[in-house]
Amino acid sequence: MSTPEARTSSTSGSVARGARLSVLKTYKLYVGGKFPRSESGRVYEVTDAKGQWLANAPLASRKDARDAVVAARKAFGGWSGATAYNRGQILYRIAEMLEGRREQFAAEVAAVEGLSKAKAQAQTDAAIDRWVWYAGWSDKVAQVVGGGNPVAGPFFNLSTPEPTGVVAVLAPQNASLLGLVSVLAPVIVTGNTAVVVASRTAPLPALSLAEVLATSDLPGGVVNVLSGDTVEIARPLAAHQDVNAIDLAGADAESAAELEGAAAENLKRVLRPGGDDWSAGPGLERMTAFLETKTVWHPIGA
């Protein structure tokens, strides 16, 4: 039996020879601007394309999903009430912070997706540019999808877009960063709040993005990030009465049909998976998918 002195001596000798133990990382969920462990205490191993261990990710439970919805609903009033200019500035700030950590994100994308360094870097750069693109639309989308309507009578008739509310977002399984940004940015830029379910096999870019969001100007609860079994987490979100819409981008055909059926029970707006090419240029479709139109009549006074 070794003594403390012997163990200390042995350790000191190892350090002297330059050996050290790696600091192994276990990620946490991101809910309400904080980083809690999963309510169940469960984690699962995330491996690279060759099957080598990368990190432990939290295995979120139904309770975690419900907590994320509560946080998103609490944040909705302040975020939807912020000016479009302010939301755009915050999205641009996210892009700035991603730019400063682009090497880390490119390395994570390369590891979990099995891409070359050049391809992973290209996807990371595209994800950063996508934040900037949507930030620029924050104060312009209302001019495109809203406007004045011609009516008979002494009235102004104005239509303006408003956010739907809390949106559950199933991140794409095969585009861990670029796909994630492509479905998340258009949801929050228009004033919605989001509960994101990260890719099951490649959650690390999403969990690292949560760390960026936490240190940006984005208010806590606007984006909540869960990881684990996609369908297990999505079921309570699809059936939740306080979730207003769900994006099924990360669901397969069988689970998408099941989730759409659950969403129909409470008249949720559903965006079906459509085989999207995440490398293609973005458009307005995902922004307008989660907007409602408010029409106001105002007497002219003539």
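Summary of the structure given here. A quick note: this is a predicted structure, and the numbers were derived from the prediction, not measured.

1. Side note on the overall build of the protein
Counting secondary structure elements, the protein contains 11 helices and 10 strands. Judged by the C-alpha coordinates and their principal axes, the protein covers about 95 × 40 × 35 Å. Within the protein, buried positions represent 45% of all 302 residues. Sequence-distant contacts in the protein: of pairs separated by 6 or more residues, those separated by 24 or more amount to 76%. Accessible surface computed for the protein: about 14500 Å², of which carbon and sulfur atoms make up 54%. In the protein, 29 side chains carry a positive charge and 30 a negative one; their mean positions are 5 Å apart.

2. Details of the packing of helix α4 (residues 102–113) against helix α5 (residues 117–137)
The contact between α4 and α5 brings their axes to 8 Å, and the two run at 125 degrees. Here α4 is positioned oblique relative to α5, judged by the angle of their axes. For α4 against α5, the interelement crossing comes out right-handed. Residues Arg-102, Glu-103, Phe-105, Ala-106, Val-109, Ala-110 and Glu-113 of α4 pack against Ala-120, Gln-121, Gln-123, Thr-124, Asp-125 and Ile-128 of α5. Of the residues contributing to the contact of α4 with α5, the split by class is six nonpolar, three polar and four charged.

3. Regarding the sheet that holds strand β4 (residues 155–163)
Strands sit in the order β3-β4-β10 across an open sheet of three strands; the sheet is antiparallel. The open sheet has two edge strands with one neighbour each: β3 (147–148) and β10 (291–299). Taken together, the two bridges between β3 and β4 define a ladder with antiparallel strand orientation. Note on β4: the bridge partner recorded for Gly-147 is Ser-159.

4. Remarks on α5
Between its terminal C-alpha atoms α5 stretches 31 Å, which fits the 30 Å expected from 21 residues at 1.5 Å a residue. Of all the residues in α5, the buried ones are Ala-120, Gln-121, Thr-124, Ala-127, Ile-128, Arg-130, Trp-131, Tyr-134 and Ala-135. Where α5 is buried, its residues touch α3 (84–100), α4, α7 (178–188), α8 (204–214) and α11 (285–288).

5. Digging into the side chain of Asn-266
Following the sequence through the fold, Asn-266 ends up in the loop between α10 (253–264) and β9 (269–271). Polar contacts involving the side chain of Asn-266 include one to the main-chain carbonyl oxygen of Ala-239, which spans 3.1 Å. Within polar-contact distance, the side chain of Asn-266 engages the side chain of Lys-268 at 2.7 Å. Contacts of Asn-266, omitting those with residues within four sequence positions, involve Ala-238, Ala-239, His-240 and Gln-241.

6. Observations regarding the nonpolar core
Ranked by internal contacts, the top residues of the largest apolar core, which has 62 residues, are Trp-131, Ile-188, Leu-209 and Val-223. Broken down by element, this core gets its largest block of residues, eight residues, from α7. Setting aside residues no more than four positions away along its own chain, Trp-131 makes contact with Leu-91, Ile-94, Ala-95, Leu-98, Val-181, Leu-184, Ala-185, Ile-188 and Leu-209. Formed by 25 residues, the second largest nonpolar core is a distinct cluster that contains Val-69, Val-195, Ala-238 and Ala-263.

7. Observations regarding the packing of aromatic side chains
Applying the stated criterion to the full structure yields three aromatic pairs. Centroid distance Trp-133 to Tyr-134: 4.9 Å. Interplanar angle 90 degrees. Geometry classified as edge-to-face. For Tyr-134, a relative accessible area of 2% translates into the label buried. The class for Trp-133 is partly exposed, based on a relative accessible area of 31%. An aromatic cluster of three or more residues is present, and its members are Trp-133, Tyr-134 and Trp-137. Looking at Arg-73, its charged tip hangs above the ring of Phe-76, at a distance of 5.6 Å from the centre. Of note, Arg-200 hangs over the ring of Tyr-44, and the distance from its end group to the ring centre comes to 4.0 Å.

8. Remarks on the sheet that holds strand β6 (residues 193–197)
One open sheet accounts for five strands, arranged β7-β6-β5-β8-β9; its pairing is parallel. Each edge of the open sheet is held by one strand with a lone partner, namely β7 (223–226) and β9. Pairwise comparison of adjacent strand axes, ignoring direction, gives a mean angle of 15 degrees for this sheet. Pairing geometry for β6 and β7, over four bridges, is parallel. Bridge pairing in β7 places Val-197 opposite Leu-226. The strands touched by helix α2 (residues 62–81) are β5 (166–170), β6 and β7; relative to β6, the strand with the most contacts, the crossing angle is about 155 degrees.

The rules behind these values
- Residues numbered from 1 in each chain as written.
- Predicted model: local features only at pLDDT ≥ 70, side-chain atom pairs only at ≥ 80, totals over all residues.
- Heavy atoms only, no water.
- Helix = DSSP H or I, 4+ residues; strand = E, 2+ residues; numbered from the N terminus.
- Buried < 20%, exposed > 50% of the residue type's maximum accessible area, 1.4 Å probe, protein only.
- Contact = heavy atoms within 4.5 Å.
- Areas by Shrake-Rupley, 256 points an atom, 1.4 Å probe, with all protein chains shown as cover.
- Lys, Arg positive; Asp, Glu negative; His and termini not counted.
- Charge placed at Lys NZ, Arg CZ, Asp CG, Glu CD.
- Axes fitted to C-alpha atoms, helices over the stretch in contact; angles between N-to-C directions.
- Parallel < 35°, antiparallel > 145°, perpendicular 65-115°, else oblique.
- Left-handed = near helix turned anticlockwise from the far one by under 90°.
- Nonpolar A, V, L, I, M, F, W, Y, C, P; charged D, E, K, R; others polar.
- Pairing = 2+ DSSP bridges.
- Expected span 1.5 Å × (residues − 1).
- Polar contact = N/O pair within 3.5 Å; in protein donor to acceptor, adjacent residues only side chain to side chain.
- Core = buried A, V, L, I, M, F, W, Y, C linked by side-chain atoms within 4.5 Å.
- Phe/Tyr/Trp six-rings, centres within 6.5 Å; stacked < 30°, edge-to-face > 60°.
- Lys NZ or Arg CZ within 6 Å of the ring centre and 35° of its normal.

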